[in-house]
Protein chains: 2
Amino acid sequence: MLVNPKKRTYELVIEQIQTLCLENNIPPGGRLPSERDLASLFGVSRNSVREALKGLESKGFLEIRQGGGSFLAETKRDILGNELGSRIDAAEIQYIDDMLELRRAFEVEAASLAAQRATPENLLAIREVLGQMALAATDPELGVQADVDFHLHVANATQNQLLIDLMETLAKRLEENIRATRRHRFTEAERHQETYHEHEEIYLAIESGNRERASQLMNEHISRIRSELHRSMGLPPK
Amino acid sequence: MLVNPKKRTYELVIEQIQTLCLENNIPPGGRLPSERDLASLFGVSRNSVREALKGLESKGFLEIRQGGGSFLAETKRDILGNELGSRIDAAEIQYIDDMLELRRAFEVEAASLAAQRATPENLLAIREVLGQMALAATDPELGVQADVDFHLHVANATQNQLLIDLMETLAKRLEENIRATRRHRFTEAERHQETYHEHEEIYLAIESGNRERASQLMNEHISRIRSELHRSMGLPPK
DNA sequence: CCCTGGAAATTGGTCCTACCAATTAAACCA
DNA sequence: TGGTTTAATTGGTAGGACCAATTTCCAGGG
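Since the model is a prediction, treat every value here as computed from it, not as a measurement.

### A look at unusual backbone geometry
With a phi close to 55°, asparagine 25 of chain A is a non-glycine residue in the positive phi region. Looking at the secondary structure, you find asparagine 25 of chain A in the loop between helix H1 (9-23) and helix H2 (35-42). Of note, glutamine 159 of chain B is a non-glycine position whose phi angle comes to about 65°, a positive value. When you line up the elements, glutamine 159 of chain B lands in the loop between helix H6 (140-156) and helix H7 (161-169). Overall, glutamine 159 of chain B belongs to the partly exposed group, its relative accessible area being 38%.

### Overview of the pairing of strand S2 (residues 69-72) of chain A
Residue and element names in this part refer to chain A. Bridge analysis of strand S1 (residues 62-65) against S2 gives 4 bridges, and the strand direction is antiparallel. The residue bridging arginine 65 from the neighbouring strand is glycine 69, located in S2. In this antiparallel pair of consecutive strands, S1 and S2, the connection spans 3 residues, and glycine 67 shows a positive phi of 80°.

### Thoughts on the environment of alanine 105 of chain A
In this structure, alanine 105 of chain A sits in helix H4 (residues 90-117). Since its relative accessible area comes to 4%, alanine 105 of chain A is described here as buried.

### Observations regarding the protein's contact with DNA strand D
Surrounding DNA strand D, one finds 26 residues, the nearest of these being Glu35, Arg46 and Arg50 of chain A together with Thr9 and Ser48 of chain B. Counting only the atoms of DNA strand D that lie within 4 Å of the protein, the sugar and phosphate share comes to 65%. One of the backbone nitrogen or oxygen atoms of threonine 9 of chain B is found 2.6 Å away from a phosphate oxygen of DNA strand D. Where the surface near DNA strand D is concerned, the elements lending two or more residues are H2, helix H3 (46-58), S1 and S2 of chain A together with helix H3 (46-58) of chain B. Among the elements that take part in the surface near DNA strand D, H3 of chain B stands out by supplying 4 residues, more than any other. Each residue belonging to the surface near DNA strand D can be placed in one class, and the counts come to 3 nonpolar, 13 polar and 10 charged.

### Quick word on the protein's contact with DNA strand C
What surrounds DNA strand C is a group of 25 residues, the closest being Thr9 and Ser48 of chain A together with Glu35, Arg46 and Arg50 of chain B. Residue threonine 9 of chain A places a main-chain N or O atom 2.5 Å away from a phosphate oxygen belonging to DNA strand C. Serine 45 of chain A is positioned such that a nitrogen or oxygen atom in its side chain is 3.0 Å from a phosphate oxygen of DNA strand C. Every element with two or more residues in the surface near DNA strand C is listed here: H3 of chain A together with helix H2 (35-42), H3, strand S1 (62-65) and strand S2 (69-72) of chain B. For the surface near DNA strand C, the element with the most residues is H3 of chain A, which contributes 4 residues. A class-by-class count of the residues in the surface near DNA strand C yields 2 nonpolar, 13 polar and 10 charged.

### Observations concerning the packing of helix H1 (residues 9-23) of chain B against H2 of chain B
Residues and elements named next belong to chain B. Close contact between H1 and H2 brings their axes to 11 Å; oriented N to C, the two are set at 105°. One finds that H1 runs roughly perpendicular with respect to H2. Between H1, through Val13, Gln16, Ile17 and Leu20, and H2, the contact on the second element is made entirely by Leu38, Leu41 and Phe42.

### Structural notes on the interface of chain A and chain B
Taken together, the contacts link 32 residues of chain A with 32 residues of chain B. Contact between chain A and chain B buries roughly 3000 Å² in total, counting both sides, with carbon and sulfur atoms accounting for 53%. Together, Glu101, Leu102 and Leu162 of chain A form the three largest contributors to the area buried by chain A at its contact with chain B, with a combined 19%. Scanning the region where chain A abuts chain B turns up 8 salt bridges. The partner of glutamate 101 of chain B in a salt bridge is arginine 117 of chain A, and the shortest N-O contact between them spans 2.3 Å. Applying the counting rule to chain A against chain B returns 14 residue pairs in polar contact (both at pLDDT 80 or more). For the side of chain A that touches chain B, the secondary structure elements donating two or more residues are H3, H4 and helix H7 (161-169) of chain A.

Rules behind the numbers
Residues numbered from 1 in each chain as written. Chains lettered and ligands numbered in written order. Predicted model: local features only at pLDDT ≥ 70, side-chain atom pairs only at ≥ 80, totals over all residues. Heavy atoms only, no water. Helix = DSSP H or I, 4+ residues; strand = E, 2+ residues; numbered from the N terminus. Buried < 20%, exposed > 50% of the residue type's maximum accessible area, 1.4 Å probe, protein only. Pairing = 2+ DSSP bridges. Near = heavy atom within 4 Å. Polar contact = N/O pair within 3.5 Å; in protein donor to acceptor, adjacent residues only side chain to side chain. Nonpolar A, V, L, I, M, F, W, Y, C, P; charged D, E, K, R; others polar. Axes fitted to C-alpha atoms, helices over the stretch in contact; angles between N-to-C directions. Parallel < 35°, antiparallel > 145°, perpendicular 65-115°, else oblique. Contact = heavy atoms within 4.5 Å. Buried area = accessible area lost by both parts, 1.4 Å probe. Salt bridge = Lys/Arg side-chain N within 4 Å of Asp/Glu carboxyl O.

By themselves, these observations are geometric and do not establish any function.
Written as structure tokens, this is what we have:
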């Protein structure tokens, strides 16, 4: 079994709480079991449960009231990381589109900031990912991972801890989004080369410290993904 | 424990840790006393110390290594140059600054999308908030709430559920951020009028469906807050 | 003298139990 | 029936114990 021995208990508890919320279909504003119940349920100490709840609270996923209990945030149930979003039906297109808008919002700014502040280590990390991306022409899943890593490393290069944290929080959704859009992009083979080139251009802009070009290229990158998605779905471009 | 019953213990511990870092002049990357020492030093349980350290870690102020200890974060960028600012104060400013960058990222895009899609209901809600903002000249806290609500309603007007959820998730941090920046902005009275005018202009751009002007005004709004923050802190504008 | 390997001390991670404080639900009386 | 009091529930804090990772230090060998 492939386990990460470095994972802390409270991190495992966070995942179990997320699963619990989904399986029991706890609505926004709904109350979670008490800390003592969660502890005995998961077979961990109340300490670890409290650390997990504290972490979830700090991310705005739930609210803890002394004497009252822990309550899911009003609109946040969906963002608690559900895995079942891999299926793509017509209803999910809107979701993919929303995610692309969200990505445009902070990835464009991230590219700009990265061009300002990327360290040699940041640039090296991005270059390595580009290498993996080039090698991933035959392996779609490898390409998705490299794509995700590229955008995560760009976020890292901003040196903005909040933005980095947010990006990691959204990493699963980002991966999901990239996988979904790639399914539509890569019907033809040469799309691979184009996509690689887009990422390479963004990297070069960041490396040269040209923040305006970096943000513009990222903006066009997102726009291109979006228009291709719409075209392949027979939707009007927005 | 005999203390202020309003604040949680771990919050008090956070302040005491900050004070400790100042008095002992702990450098970036420097190590803090062990959890046990801090607990006995402050007269609290190790639990509370751990909660405090955990909170500081989540904000990026320090790093916790099992078996190693707790280490102050390395300053990622040159905020130094001002000897009056303490290390922790610098970290707080960094946090405020990071939040402003994050806000620029998706509030600018949100303003643009809002200009495209705002419904009459959305516009009405924003107008009402503007009214509250105008009345809040004498009540700082009321002004903060109205300011927060303004930006939340702009996000609502995007019709992008992911963006709306994200904004609500970040609402607490947004409120903290606005409160912190207003502390520096509103040393003079006429700042109130200017701030109101900025928000009003953004609203008018959204109402008229001018997405470019809306995003540009929002961008300038954030830039102005940021430059004023830096000026009041004696930092170089970026 | 260095350095290398491993034992011992240090330190964060987790668990347990107990009690305090705030909230909620139930019981009670008018 | 309605409001108040009481009890049960739940989160907050304390303190002790042990585990796991890291660091420190020292003896032994080069």
